[in-house]
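Spelled out from the first residue to the last, the chains are:
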Amino acid sequence: MGQTAPYHYRKKMMAYTLITPWLNQTYGIDQSNYSTQYARLAGKQFIGGTVDGNIPISLTDIPRGVSLLINGTTVTATQTPSQDDLAAANYYYLGGHEYTISDYEATVLINAGYGDYVTPV
């Protein structure tokens, strides 16, 4: 009869693609306030834009990746993970990237509400 693959092999079977979430973000500023980090990132002043991407995309919006940190079956989304956050996670997916993930990892993400970002291969 057939043998069951060792656990470490089964966990690494590649069955899904994960494309991490992202948000369109900018902070609108006025002529007297050129200090917002996103305005500095683009090298120009922004008039309009959004904090959460809830208005139609404009040239002032910058797509920013959202990283997913996994501890057991708990998934935490963050835009600014620290080195300590990454080191403390069982595993993580940095925002703005595409990953091939196992059945188990896909199940954790789907059960945590991130099913829209997981696609069977």
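See the structure above.
Notes on the structure in this doc start here.

Here is what the cut-offs are and how they apply
- Within every chain, residues take consecutive numbers counted from 1 along the sequence as written.
- Only residues with pLDDT of at least 70 get local features here, since the model is predicted, and only at 80 or more are side-chain atom pairs given and counted; chain-wide, interface and lining totals rely on the full set of residues.
- Hydrogens and water are ignored here; the side-chain numbers use all heavy atoms of the structure.
- For two strands to count as paired, DSSP must find a minimum of two bridges between them.
- Runs of H or I in DSSP of at least four residues are treated as helices and runs of E of at least two as strands, each being numbered from the N terminus.
- For every element, the axis is a line fit to its C-alpha atoms; helices are fit only across the contacting stretch, and the angle between N-to-C directions ranges from 0 to 180 degrees.
- Here the nonpolar core consists of buried residues drawn from Ala, Val, Leu, Ile, Met, Phe, Trp, Tyr and Cys, with membership extended through side-chain atoms lying within 4.5 Å.
- When a residue's accessible area, from a 1.4 Å probe over protein chains only, is under 20% of the maximum for its type it is buried; when over 50% it is exposed; and in between it is partly exposed.
- By definition in these notes, contact holds between two residues if any of their heavy atoms fall within 4.5 Å.
- Multiplying 1.5 Å by the helix residue count minus one yields the expected span of that helix.
- Each C-beta atom gives one direction from the helix axis, and the arc is the one those directions make.

### Notes on the sheet that holds strand β7 (residues 98-101)
Then, number 1: Strand order across the open sheet formed by 3 strands is β7-β1-β8, with antiparallel pairing between neighbours. At either margin of the open sheet sits one strand with a lone partner, and together these are β7 and β8 (118-120). Neighbour-to-neighbour, the strand axes of the sheet open up by a mean angle of 25°, direction not taken into account.
Then, number 2: As paired strands, strand β1 (residues 16-19) and β8 are joined by 3 bridges and run antiparallel to one another. Counterpart to T17 in the pairing with β8 is T119.

### Concerning the nonpolar core
The tendency in soluble globular proteins is for nonpolar side chains to be buried as a group.
Then, number 1: If you look at the biggest cluster of nonpolar residues, it comprises 12 residues: L18, L68, I70, V75, Y91, Y93, I101, A106, V108, L109, Y114 and V118.
Then, number 2: Looking at this core, the elements with two or more residues in it are β4 (67-71), β6 (91-93) and α4 (103-114).
Then, number 3: Take this core: its biggest share by element is 4 residues, from α4.
Then, number 4: Ignoring anything within four residues of it in the chain, the contact list for I70 reads V75, A89, N90, Y91, Y93, V108 and L109.

### A few points about α4
Then, number 1: End to end, α4 covers just 14 Å across 12 residues, shorter than the expected 16 Å (1.5 Å per residue, more than 12% under).
Then, number 2: Of the residues making up α4, those classed as buried are E105, A106, V108, L109 and Y114. Each buried residue of α4 sits inside an arc of 160° when the element is viewed along its axis, so together they form one side.
Then, number 3: Where α4 is buried, its residues meet β1, β4, β5 (74-78), β6, β7 and β8.

### What about the sheet that holds β5?
Then, number 1: The strand order across the open sheet formed by 3 strands is β5-β4-β6, and the pairing between neighbours is antiparallel. Every other strand in the sheet has two partners, leaving β5 and β6 as the edge strands with one partner each. Neighbour-to-neighbour, the strand axes of this sheet turn through a mean angle of 20°, independent of strand direction.
Then, number 2: Bridge count for β4 against β5 is 5 bridges, and the pairing is antiparallel. Opposite L69, over in β5, you have T76 as the bridge partner.

### A short note on the pairing of β1
Then, number 1: Direction of pairing for β1 relative to β7: antiparallel, over a ladder of 4 bridges. By the bridge assignment, L18 is partnered in β7 with Y99.

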